[in-house]
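# Structural overview for review
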Amino acid sequence: MPPQSIYKNTDIHFIDLDKLPSMYLPPPTESGDTPVCSADPTSGLPVSGVAVRYAGGHVVPMHKHAHGHLIYADRGLLRVESASGQWLVPPTAAVWLRPHVEHRLVVPVALQAHGLFMREDTCARLPAFDGVMHVSGLLRELILGLTNNRSPPRSERYQELLGALLAEELCAQPRLPFHLPWPADDASGTIHRVCQALLQAPGDTATATDWASRLAMGDKTFHRRFLQATGMTFGKWRQQLRLMSSLTLLMKGMPITQVALASGYESHSAYATAFRKQFGEPPSAFVANTE
């Protein structure tokens, strides 16, 4: 059950992109200027909303904020990377990041990002983890409403009610399996290099035995070190990588059979089975739901 009365005095306002932290700054125009929306950056309210369009291939470097973030892309696909792993955010989901989490944004395909900045003191009753959350129809409309730069703006009371309802609805959303853990405490960097190589080539067919041989270690040692570094077995981690990487190809319009082969699966059916088991729906339904 979602907690009660998360925000008693929640306000939402629209802020100037020139005063935003870097994660929401879009690429400069040809003239070198950064697009700006009208705003009231001096009001000091606990929750602020903004919407920005990004071109495919855009990257926002590693950074962090004192505020919590709810980041939603109503079209396209967003990748959020941190030291502990990466999240993929399709249009049916949003990523929640607690304050002070260092991260960077990668935009594989063009999208419009909607972000809510939540002041640290308002985050105490929100999810105590970073992760991808389902976006219900109600939550989606609340996000769009709070990041819509209306002129004139809605009344403070109206904004307060939307913000309070959004906080309640966010806490009611299930966590989704769009996270890929990254090696931690890998002193030699060996497992990190394996993961980086697989990230560059998700369809690579080398087995754990092949990797152990390349690294001059025994199979059991490789499996143990991989599990210690990532918290997942090699086979499960690679499948998660393949499935998450395949989402980008699907969003780009590649036929499902080609996506399956490029992602290391022997057939459309093998890929569809793994996809359904991981995400709860076949790839064809995922594509239809994100169009």
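The present account deals with the structure reproduced in this document. Numbers given to residues run from 1 along each chain, matching the order in which its sequence is written. Totals for whole chains, interfaces and linings use all residues, but because this is a predicted model, local features are given only for residues with pLDDT of at least 70 and pairs of side-chain atoms are given and counted only at 80 or more. As a rule here, side-chain values come from all non-hydrogen atoms in the structure, and water together with hydrogens is ignored.

## Things to note about helix α5 (residues 219-230)
An α-helical turn contains 3.6 residues, so a residue and the one three or four places further along point in the same direction. Here is the rule we go by: Think of it this way: any DSSP run of H or I at least four residues long counts as a helix, any run of E at least two long counts as a strand, and we number them from the N terminus. Under the convention used throughout, the expected extent of a helix is 1.5 Å for every residue step, that is, one less than its residue count. Only protein chains enter the accessibility calculation, which uses a 1.4 Å probe; a residue is then buried when its area is under 20% of its type maximum, exposed when over 50%, and partly exposed in between. Read the arc as the range of directions from the helix axis to the C-beta atoms. Contact definition: two residues touch when any of their heavy atoms are within 4.5 Å.
Compared with the 16 Å implied by 1.5 Å per residue over 12 residues, the 17 Å span of α5 between its first and last C-alpha is a close match. Of the positions making up α5, those classed as buried are F222, F226, A229 and T230. The buried residues of α5 all sit within an arc of 75° when viewed along its axis, so they share a single face. Of the exposed residues in α5, the ones pointing more than 90 degrees away from its buried face are K220 and Q228. Elements that come into contact with the buried residues of α5 comprise β11 (179-181), α3 (190-200), α4 (208-214) and α6 (234-251).

## Observations concerning the sheet that holds strand β8 (residues 103-109)
So the rule is basically this: By definition, two strands form a pair when at least two bridges between them are found by DSSP. Note on method: axes are straight lines fitted to C-alpha atoms, helices fitted across the in-contact stretch only, with angles between N-to-C directions ranging 0 to 180 degrees.
An order of β3-β8-β5-β6-β11 is seen for the 5 strands of this open sheet, with the pairing classed as antiparallel. At either margin of the open sheet sits one strand with a lone partner, and together these are β3 (59-63) and β11. Adjacent strand axes in the sheet meet at a mean angle of 15° when their direction is disregarded. Relative to strand β6 (residues 85-89), strand β5 (residues 77-82) runs antiparallel, the two being bridged by 5 bridges. What sits directly across from V80, in β6, is W87. Strands β5, β6, β8 and β11 of the sheet are contacted by α6, whose axis makes an angle of about 140° with β11.

## Re the pattern of salt bridges
Any two side chains of opposite charge can pair, so long as their charged atoms come close to each other. Defined as follows: A side-chain nitrogen of Lys or Arg and a carboxyl oxygen of Asp or Glu constitute a salt bridge if their distance falls within 4 Å.
Inspection of every chain in the model, using the stated rule, returns 5 salt bridges. Note that R98 is salt-bridged to D130, the shortest N-O span being 2.9 Å. With R98 in the loop between β7 (93-97) and β8 and D130 in the loop between β9 (111-118) and β10 (131-134), the pair connects residues that are 32 residues apart, well separated along the chain. Exposure remark for R98: the relative accessible area of 34% places this residue in the partly exposed category. Residue D130 is classed as buried on the basis of its relative accessible area, which comes to 12%. With its nearest N and O atoms 3.0 Å apart, the salt bridge here joins R140 to E141. Taking the relative accessible area as the measure of exposure, R140 reaches 30% and is therefore partly exposed. What makes E141 partly exposed here is its relative accessible area of 46%.

## Some words on the nonpolar core
Short version of the rule: By convention a nonpolar core is built from buried Ala, Val, Leu, Ile, Met, Phe, Trp, Tyr and Cys residues, the set being connected through side-chain atoms within 4.5 Å.
Formed by 55 residues in total, the largest nonpolar core has its most connected members in F222, W237, L247 and Y271. With 7 residues, the top contributor of residues to this core is α6. Residues contacting W237, with those up to four places away along its chain left out, are L180, P181, W182, C195, L198, F226, T230 and M232. Ranked by size, the runner-up nonpolar core spans 20 residues in total, among them L116, I143, L162 and L166.

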